[in-house]
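# Structural overview
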Amino acid sequence: MNLRIIKDEKMGSVEEKMKSAKKRVYLDHAATTPVDPAVVDAMLPYFTRFYGNASSLHAYGREAHNAMDEARKNVAELINAESDEIIFTAGGTESDNIAIKGIAYKKKKGYIITSSIEHPAVLETCRALEREGFEVTYLPVDRFGTVYPSNVESAINDETILISIMHANNEIGTIQPIKEIAKIASESGIPFHTDAVQSAGKVPIDVRRMNIDLLSLSSHKIYGPKGVGALYIRKGVRIEPIIHGGGHERGLRSSTENIPGIVGFGKACELAKKRMDKDVPHLFKLRDTLIPNTVNTIEESYLNGHPKERLPNNAHFRFTAIEGESLIMSLDDEGIAASTGSACSSKKLEPSHVLMAIGLNEVEAHGSLRLTLGRENTDEEVEYVLEVLPEVVERLREISPLWKKEFEIERWRKEMEKR
Amino acid sequence: MNLRIIKDEKMGSVEEKMKSAKKRVYLDHAATTPVDPAVVDAMLPYFTRFYGNASSLHAYGREAHNAMDEARKNVAELINAESDEIIFTAGGTESDNIAIKGIAYKKKKGYIITSSIEHPAVLETCRALEREGFEVTYLPVDRFGTVYPSNVESAINDETILISIMHANNEIGTIQPIKEIAKIASESGIPFHTDAVQSAGKVPIDVRRMNIDLLSLSSHKIYGPKGVGALYIRKGVRIEPIIHGGGHERGLRSSTENIPGIVGFGKACELAKKRMDKDVPHLFKLRDTLIPNTVNTIEESYLNGHPKERLPNNAHFRFTAIEGESLIMSLDDEGIAASTGSACSSKKLEPSHVLMAIGLNEVEAHGSLRLTLGRENTDEEVEYVLEVLPEVVERLREISPLWKKEFEIERWRKEMEKR
Amino acid sequence: MYSEKVMELFKNPRNMGEMENPDGVGTVGNPICGDLMTIYIKVDGDRLKDVKFKTFGCAAAIATSSMITELAKGKTIADALKITRDDVAEELDGLPPIKMHCSNLAADGLHAAIEGYKRKCDVERASYGMPG
Amino acid sequence: MYSEKVMELFKNPRNMGEMENPDGVGTVGNPICGDLMTIYIKVDGDRLKDVKFKTFGCAAAIATSSMITELAKGKTIADALKITRDDVAEELDGLPPIKMHCSNLAADGLHAAIEGYKRKCDVERASYGMPG
Ligand SMILES: Cc1ncc(COP(=O)(O)O)c(C=O)c1O
Ligand SMILES: Cc1ncc(COP(=O)(O)O)c(C=O)c1O
């Protein structure tokens, strides 16, 4: 077994040190990815040598500006856009906010169509706009988490100012038919935004062929640094800024440009594009070992999300009668980093809005596990997970008062239906 | 002479390579600073080893979360705040936007008092709010760039919801009497915000003693990485978020936390605090060599800004009959990185709003030069500047049709007064 | 996030499992909210001779369940009724704030089991939203 | 930002300086906007025997001034009048977009000087906001 052993001299307690000397398998790439060493190398000179402000006239400023131009080209190329259609942001959340509020504030009023399984960066932005007087429809999804283009089509009315449907879901990994949806939007003359934070680098994206007007990206999901993202804005699409200041990024996102971050993001995009042919089959292979071996080995375990139209790196399970957090903590104890769903909601107590939207009840939703693979995961790591996971599930089921208590579970189900 | 020679293997053209093999003296620390090597060292492990998402439950997540807690403490300590009064942002601009819009959107309507010499991050935010129906007063300053507390006091009315006055000006370096202003605000029960992006680490700040409710910081001005900042929000002060999403930073600034950036910023704050006793006298010494030697040596050269109440690292000059950009480009050619004023406005054509506010006319405003020192600058570098600057000014004056043309200048002055 | 004590009891819970012929059973919590806890007691005179649990829930819920069984075992019924949620949290070196409300139900579970013993029936108390 | 040609002419401008007894003088631009340019010409027959300049302004303004003197020198007045702003920018391998409007005044300056020569007086044209 060739597991990565991480020895930790920096961290605090002895307990932590012991823990980190153990096998560690990172299977939470949908939450964030390690930064590729080539990306770190690309960034490093911009901290201490080429540290200028890209707006400065002098040589330091020009070095920074050139580096940013290069990065912008790399980001654009990943999605077949032009460089001047890319603005840099502080991450996927900001990109989503700028896109959606940007259109809304430009139009001043109107009606927005989105789905019920968007990331909170989209959902909460739409809810904020509702409080400001905009109207929003949150389209339902089927049990695999798919938004139907026909539903989008029938939701459109004369006041519709924006359609925003994510490319791939961050929890269950379902890939949406955004090409069809974008076509409908384009035929109706409505701007179409997609949150491609999870799909970029894993599913080919071509904003031209796919008729996309606005597209959000985040660096730290594709082996780039955290705190950087981009928004693609098709030429001719007009938006209002939400951050005001010195007029950077064509006035759409003021603030001294984060050159090392931008350079790293550019490098990450370049690598993502270059490696896609190699990374994606690798992810498929690991995922397609993980999924069948889990659902076939563990009693009452199920796959959530679409069986085929799903991200190559996403495996999302549901286990009867156990609760997700205790599962995560148990796996963590065995050195396996996993998640119940989106990182940002896993500390909250409500069941995932995505799992509820695909028709699970609360108890089912609480029993979920997301394993998301990355380019550095190995066959051996997946094997190790397949060894540990059944044991952990079994142990928690032994503790659970619901396991093999059909009657109990049925009672609660009825309670839930009453609500 | 012990000048830093930077050899450049990474940059593009031969011309660039030649240039960067020359002496380079960086005197644009108000635009941005190099990242301290100790800061880079602190950040590095968080790119490739402790790369978790701080919201994740597993060990990687906890490592990230602990690192962020530590950084938050360091930021808080620089300004004598509590850790839980600090939220991390993507930079000074975002901090200013969150503070000002955050209060405005909470109050829904009202009247804001600020000054006419704020950074665009404050000014443009206020202008955006004016378009949304808020009222704003931009207080005048005297010829040194000082806002009078008495003017703040008389501007207050029953509808005043916020007073925002910067701590130190980014162009001319004038330090404002914010303690007096904050006292007035506090006595009137009005929240007081200050943009301390330029002053932090150079002038002591104590948010408790100074009665500050909201304070903006930016990492890249104090030898930390770009793309990170913080907003201090005194306990009990309520603001609305402007970026919506997963609910990070107490719901006030959603997005996966930029852990390496935050760690770097924390380290930069720690260093700033620790080094203040050493850095500030060093800056004073260099500055107080630079200023008198320039104004005494170069004919018709003047200091802009306050002679005493000014940042220890700021020297801002005005030279009759020459234009700032050509001065910057000439200095750049001699390896000296300088600025005409704020980095973000130096590519624009309008004269600086700050210089106009202190009573200069447009032609005078165009003839300005900002030299801002940093902790790594040396006596020798200042000597070099004092050698080069007079030659450069002389050369440009030879080219200028205005030099020694009192009559010409007078004519234009009259034209300007007519407007 | 969790104290070492919480993690230790989560990993190696004491007194875990169903009890045969218990004298009292209390079920609290609500799986809809992610936590359901059953506490079983065996009474000898006025003392809790044995206390066991089964729990569906997060690590905190499991650890608090385990902790209550240890705290209660051997105590008189009167003393056991004095154990509060705060006592449990304290014995565990604290719980994350977000866990204090929903996952720290074990004291309630014990009280419910004792009530069941007194009333000679199982007692189930759903903490929120559900009829008792 | 600037082409090498712009930087070269900015650093080593040709034909810089006031001209004694010029046949025509044209001043364009506006120091309020940051650029003021004076072009001097000496005419021999229908040809520009000499062209000189003085400029207050950015590097682009200085480089375009220098360039126009080189382009115009030796040309007939008719040909010199055909030189456009775009010609100057092109000869400099381009100018940053932001500089095209305000700092690329040299062709105007030359035309003003020629007009001055024809009208036997100095010509001053302020580009924006100012009376001529
Ligand atoms: C689908 C999706 N959108 C948006 C985001 C937000 O990106 P960021 O964390 O860079 O703000 C994420 C991840 O957190 C995501 O998965
Ligand atoms: C006074 C002041 N405020 C705000 C900012 C904006 O900070 P940032 O570039 O980090 O957004 C700057 C510098 O650019 C500044 O000097």
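About the criteria used
Residues numbered from 1 in each chain as written. Chains lettered and ligands numbered in written order. Predicted model: local features only at pLDDT ≥ 70, side-chain atom pairs only at ≥ 80, totals over all residues. Heavy atoms only, no water. Helix = DSSP H or I, 4+ residues; strand = E, 2+ residues; numbered from the N terminus. Rg over C-alpha atoms; globule rule 2.2 N^0.38 Å. Buried < 20%, exposed > 50% of the residue type's maximum accessible area, 1.4 Å probe, protein only. Contact = heavy atoms within 4.5 Å. Areas by Shrake-Rupley, 256 points an atom, 1.4 Å probe, with all protein chains shown as cover. Lys, Arg positive; Asp, Glu negative; His and termini not counted. Charge placed at Lys NZ, Arg CZ, Asp CG, Glu CD. Domains from an automatic or database assignment. Buried area = accessible area lost by both parts, 1.4 Å probe. Salt bridge = Lys/Arg side-chain N within 4 Å of Asp/Glu carboxyl O. Polar contact = N/O pair within 3.5 Å; in protein donor to acceptor, adjacent residues only side chain to side chain. Nonpolar A, V, L, I, M, F, W, Y, C, P; charged D, E, K, R; others polar. Core = buried A, V, L, I, M, F, W, Y, C linked by side-chain atoms within 4.5 Å. Pairing = 2+ DSSP bridges. Axes fitted to C-alpha atoms, helices over the stretch in contact; angles between N-to-C directions. Expected span 1.5 Å × (residues − 1). Phe/Tyr/Trp six-rings, centres within 6.5 Å; stacked < 30°, edge-to-face > 60°. Lys NZ or Arg CZ within 6 Å of the ring centre and 35° of its normal. Near = heavy atom within 4 Å. Right-handed = clockwise from strand over helix to strand, strands pointing away. Left-handed = near helix turned anticlockwise from the far one by under 90°. Least-squares fit on C-alpha atoms with pLDDT ≥ 70 in both. pLDDT = per-residue confidence, 0-100. Parallel < 35°, antiparallel > 145°, perpendicular 65-115°, else oblique.

## Comments concerning the overall build of chain C
Across its full length, chain C carries six helices and four strands. Each helix and strand of chain C, ordered N terminal to C terminal, gives the series α-β-β-β-α-α-α-α-α-β. The C-alpha radius of gyration of chain C comes to 13 Å, within 12% of the 14 Å expected for a compact globule of 132 residues. Taking the principal axes of the C-alpha coordinates as reference, chain C spans close to 40 × 30 × 25 Å. Burial statistics for chain C: of 132 residues in total, 56% are counted as buried. Contacts spanning at least 24 positions in sequence make up 60% of the contacts within chain C whose residues lie at least 6 apart. Roughly 5300 Å² of accessible area belongs to chain C as shown, and the carbon and sulfur atoms make up 47% of that amount. Computing the positive centroid from 17 side-chain charges and the negative centroid from 20, chain C places the two 2 Å apart.

## Notes on the domain arrangement of chain A
A common way to state how big an interface is: give the accessible area lost once the parts meet. Residues and elements named next belong to chain A. Parsing chain A into structural domains produces domain 1 (3–34 + 276–418) and domain 2 (37–272). Domain 1 and domain 2 are separated by 28 Å when their C-alpha centres are compared. Counting residues at the interface gives 33 residues for domain 1, matched by 34 residues for domain 2. Both faces combined, the contact of domain 1 with domain 2 buries some 2700 Å², and carbon together with sulfur accounts for 56% of it. Contact with domain 2 buries area across many residues of domain 1, yet Met276, Leu311 and Arg375 alone supply 23% of it, more than any other trio. Our enumeration of links across domain 1 and domain 2 arrives at zero salt bridges. Summed over the shared surface of domain 1 and domain 2, the result is 18 residue pairs in polar contact (both at pLDDT 80 or more). Looking at the side of domain 1 that touches domain 2, the elements with two or more residues in it are helix H9 (259–297), strand E10 (314–319) and helix H11 (353–357). Tallied by class, the residues present in the side of domain 1 that touches domain 2 amount to 13 nonpolar, 15 polar and five charged.

## A short note on the nonpolar core
Core analysis: the biggest nonpolar cluster contains 126 residues, and Ile79 of chain A together with Ile79 of chain B have the highest contact counts within it. Leave out the neighbours within four places in its chain, and Ile79 of chain A touches Ile86, Ile205, Asp206, Val207, Leu215, Leu217 and Tyr232 of chain A. The next biggest cluster of nonpolar side chains, apart from the first, holds 68 residues, and it includes Leu286 of chain B together with Leu9, Ala106 and Ala113 of chain D.

## Let's talk about the sheet that holds strand E10 (residues 314–319) of chain B
Sheet strands pair by backbone hydrogen bonding; their relative direction is either parallel or antiparallel. Residue and element names in this part refer to chain B. In spatial order, the strands read E9-E10-E12; together these three strands make up an open sheet with antiparallel pairing. For this open sheet the edge positions go to strand E9 (301–303) and strand E12 (368–372), each flanked by a neighbour on one side alone. With direction set aside, neighbouring strand axes in the sheet form an average angle of 25°. When E9 meets E10, the two strands line up antiparallel, connected through three bridges. Along E10, the bridge assignment pairs Ser301 with Phe319. Sitting on the sheet, helix H9 (residues 259–297) is in contact with E9, E10 and E12, with an inclination near 10° to E10.

## Looking at helix H13 (residues 379–399) of chain A
Over its 21 residues, H13 of chain A runs 31 Å from end to end, which matches the ideal 30 Å to within 8%, given 1.5 Å per residue. Those residues of H13 of chain A lying buried are Glu381, Val382, Tyr384, Val385, Val388, Leu389, Val392, Val393, Leu396, Arg397 and Ile399 of chain A.

## A short note on the interface of chain A and chain B
Counting residues at the interface gives 82 residues for chain A, matched by 82 residues for chain B. Viewed at the interface, chain B and chain A are joined by four salt bridges. Residues Arg24 of chain A and Glu63 of chain B are paired through a salt bridge, measuring 2.7 Å at the closest nitrogen-oxygen approach. For the pair chain A and chain B, the interface holds 24 residue pairs in polar contact (both at pLDDT 80 or more). Counting residues per element, the ones that place at least two in the side of chain A that touches chain B are helix H1 (14–20), helix H2 (37–43), helix H3 (45–48), helix H4 (59–78), helix H5 (92–107), helix H6 (120–131), H9 and helix H10 (324–333) of chain A. Tallying contributions element by element places H6 of chain A first for the side of chain A that touches chain B, with six residues.

## Some words on the pairing of strand E12 (residues 368–372) of chain A
Along any regular strand, the residues point their side chains to alternate faces of the sheet. All names here are of chain A. By the criterion of burial, E12 is predominantly enclosed, with five of the five residues buried. Residues Ser368, Arg370 and Thr372 of E12 are buried on one face, and the alternating residues Leu369 and Leu371, pointing to the opposite face, are buried as well. Bridging between E10 and E12 involves five bridges; their strand directions are antiparallel. Across the sheet, Arg318 pairs through a bridge with Ser368, a residue of E12.

## Notes on the packing of aromatic side chains
Within a pair of aromatic rings, the relevant descriptors are the distance that separates the centres and the angle that separates the planes. Counted according to the given criterion, the structure contains 12 aromatic pairs over all chains. With a centroid separation of 6.1 Å and an interplanar angle of 40°, the aromatic rings of Phe317 of chain B and Phe319 of chain B are classed as tilted. Owing to a relative accessible area of 0%, Phe317 of chain B belongs among the buried residues under this scheme. The structure contains a cluster of three or more aromatic residues connected by ring pairs, namely Tyr26 of chain A together with Tyr51 and Tyr60 of chain B. Residue placement shows Arg397 of chain A over the ring face of Trp403 of chain A; its charged tip is 3.9 Å from the ring centre. We note Arg24 of chain B situated over the ring of Tyr60 of chain A; from NZ or CZ to the ring centre the distance is 3.9 Å.

## Observations concerning the site of ligand 2
Taken together, the neighbourhood of ligand 2 is formed by 15 residues, with Ser255 and Thr256 of chain A together with Thr93, Asp195 and Ser218 of chain B sitting nearest. Near ligand 2, residues from chains A and B are present, making the site a shared one. At 2.5 Å from an oxygen atom of ligand 2 is found a side-chain nitrogen or oxygen belonging to Ser255 of chain A. For ligand 2, an oxygen atom lies 2.9 Å from a polar atom in the backbone of Gly92 of chain B. Computed on the free molecule, ligand 2 has an accessible area of 390 Å², of which 96% lies beneath the protein chains in the complex. Take the shell around ligand 2: its biggest share by element is three residues, from helix H5 (residues 92–107) of chain B.

## Notes on the pairing of strand E6 (residues 192–195) of chain B
Residues and elements named next belong to chain B. Burial along E6 is two-sided: the face carrying Phe192 and Thr194 and the face carrying His193 and Asp195 are both buried. Bridge count between strand E5 (residues 160–164) and E6: two bridges; the pairing is parallel. Paired with Ser164 across the bridge in E6 is His193. Where the polypeptide runs from E5 across helix H8 (residues 178–187) and back to E6, its parallel neighbour, the crossover connection is right-handed. Bridge count for E6 against strand E7 (residues 214–218) is three bridges, and the pairing is parallel. Looking across to E7, one finds that Thr194 is bridged to Leu215.

## Some details on the packing of H4 of chain A against H9 of chain A
Residues and elements named next belong to chain A. Contact geometry of H4 with H9 gives a least axis separation of 8 Å together with a crossing angle of 35°. Helix-helix and strand crossings are classified by hand; for H4 and H9 the assignment is left-handed. Residues Ala64, Ala67, Met68, Ala71, Asn74, Val75, Glu77 and Leu78 of H4 lie in contact with H9, whose contacting residues are Ile259, Ile262, Val263, Phe265, Gly266, Cys269, Glu270, Ala272 and Lys273. Among the residues forming the contact of H4 with H9, the class breakdown is 12 nonpolar, two polar and three charged.

## Considerations on the relation of the copies chain A and chain B
Expressed as a screw operation, the relation of chain A to chain B combines 0.0 Å of axial shift with a rotation of 180°, fitting to an RMSD of 0.0 Å. With respect to symmetry, the two chain copies, as superposed, fit the operation of a two-fold axis. Closest approach to the rotation axis within chain A is made by the C-alpha atom of Ala90 of chain A, at a distance of 3.1 Å.

## Digging into the site of ligand 1
The immediate surroundings of ligand 1 are formed by 15 residues, with Thr93, Asp195 and Ser218 of chain A together with Ser255 and Thr256 of chain B found nearest. Mapping the residues adjacent to ligand 1 onto the chains of the assembly identifies chains A and B. Side-chain polar atom of Ser255 of chain B to an oxygen atom of ligand 1: 2.5 Å apart, as the coordinates give it. Per-element tally for the shell around ligand 1: the top contributor is H5 of chain A, with three residues.

## A few points about unusual backbone geometry
Its identity as a non-glycine residue notwithstanding, Asn80 of chain B has a phi of 55°, on the positive side. For Asn80 of chain B, the position within the fold is in the loop between helix H4 (59–78) and strand E2 (86–89).

## A word on the confidence of the model for chain A
Residues and elements named next belong to chain A. In this model, chain A carries a mean pLDDT of 92, and residues with pLDDT of at least 70 account for 93%. Under a pLDDT of 50 for its full length, residues 1–15 has, in the predicted model, 37 contacts with residues more than four places off or in other chains. Here residues 342–346 is a poorly scored stretch, pLDDT under 50, and it has 17 contacts once near neighbours within four places are set aside; other chains count.

## Section: the packing of helix H1 (residues 4–11) of chain D against helix H2 (residues 59–72) of chain D
All names here are of chain D. H2 packs onto H1 with a crossing angle of 85° between their chain directions and a minimal axis gap of 8 Å. Relative to H2, H1 is oriented roughly perpendicular. Contacts between H1 and H2 involve Val6, Leu9 and Phe10 on the former and, on the latter, Ala59, Ala60, Ile62, Ala63, Ser66, Met67 and Glu70. Considering only residue class, the contact of H1 with H2 consists of eight nonpolar, one polar and one charged.

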